[in-house]
Amino acid sequence: MIENKKKPNPIDIHVGSRIRLRRTMLGMSQEKLGESLGITFQQIQKYEKGTNRVGASRLQNISNILTVPVSFFFEDAPGDQPSNATGMAEASSSNYVVDFLSSSEGLQLNRAFVKIGDAKVRRKIVDLVKALAAEADSE
């Protein structure tokens, strides 16, 4: 018996995972995103898994709803070659961000942090976290 299921394209999987990442960062449900686009949450699920390809106009609508540029969905895509050589520079921080936001604590921290309107308060929080991390390193 021949397997006739087509595997999703790695780019479609990546774009879908970036849609899911941004949607969860905003605390938005699949249902809410679907309503905003005039489609079902099941269709959003298929986009996020990469089983259905997101068309250009739909991706533009998604980027507007999720308040990110379309390019956000393609950052660190498979086969993506950086335009300038980075030599021994650190790998893109995007994977670290995805790992952080995939954790419950990271997601909660991000949601709370973006609600802080005062830039000085946000800066002080960053300084506090850096100080706590440095303290933990010295132990």
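Residues numbered from 1 in each chain as written. Predicted model: local features only at pLDDT ≥ 70, side-chain atom pairs only at ≥ 80, totals over all residues. Heavy atoms only, no water.

### Considering the overall build of the protein
Keep this limit in mind: The way it works is that DSSP assigns letters per residue, a run of H or I at least four long becomes a helix, a run of E at least two long becomes a strand, and they are numbered from the N terminus. We call two residues contacting when some pair of their heavy atoms lies within 4.5 Å.
Across its full length, the protein carries 7 helices and 0 strands. A fraction of 57% describes how many contacts in the protein between residues 6 or more apart in sequence connect residues 24 or more apart.

### Quick notes on the pattern of salt bridges
Going by this rule: In what follows, salt bridge is the name for a side-chain nitrogen of Lys or Arg lying within 4 Å of a carboxyl oxygen of Asp or Glu. With a 1.4 Å probe rolled over the protein chains alone, any residue whose accessible area is under 20% of its type maximum counts as buried; one over 50% counts as exposed, and the rest are partly exposed.
Counted by the stated rule, this structure contains 4 salt bridges. Note that Arg-23 is salt-bridged to Glu-48, the shortest N-O span being 2.6 Å. Of this pair, Arg-23 sits in helix α1 (residues 10-25) while Glu-48 sits in helix α3 (residues 41-49), and the two are 25 residues apart along the sequence. A relative accessible area of 7% means that Arg-23 is categorised as buried. For Asp-127, the salt bridge identified is with Arg-123, shortest N-O distance 3.1 Å. Pair noted here: Asp-127 and Arg-123 are both in helix α7 (residues 119-138), with a separation of 4 residues, about one helical turn. The exposure class of Arg-123 is partly exposed, given its relative accessible area of 42%.

### Some words on the confidence of the model for the protein
Applied cut-off: Per residue, pLDDT captures the predictor's confidence, and it can take any value from 0 to 100.
Averaged over every residue, the pLDDT of the protein is 83; the share at 70 or more is 81%. Confidence, read as mean pLDDT per element, is least for helix α5 (residues 94-102) in the protein (66) and greatest for helix α2 (residues 30-37) (97). Low pLDDT, under 50, characterises residues 84-91; the stretch is placed with 0 contacts to residues that sit more than four places away or in other chains.

### Topic: unusual backbone geometry
A positive phi angle, near 50°, is found at Thr-67, a position not held by glycine. With respect to the helices, strands and loops of the structure, Thr-67 is situated in the loop between α4 (56-65) and α5. Since its relative accessible area comes to 57%, Thr-67 is described here as exposed. Positive phi values are uncommon outside glycine, yet Asp-76 reaches one of about 60°.

### A closer look at the nonpolar core
Stated formally: Nine residue types can take part in a nonpolar core, namely buried Ala, Val, Leu, Ile, Met, Phe, Trp, Tyr and Cys, and a core is a set of them joined through side-chain atoms within 4.5 Å.
Of all hydrophobic cores here, the largest spans 17 residues; its most connected members are Ile-19, Leu-33, Ile-62, Leu-66 and Phe-73. Sorting the residues of this core by element identifies α1, α2, α3 and α4 as the ones contributing at least two each. With 4 residues, the single largest contributor to this core is α1. Ignoring anything within four residues of it in the chain, the contact list for Leu-66 reads Ile-19, Arg-22, Arg-23, Leu-26, Met-28, Leu-33 and Phe-73.

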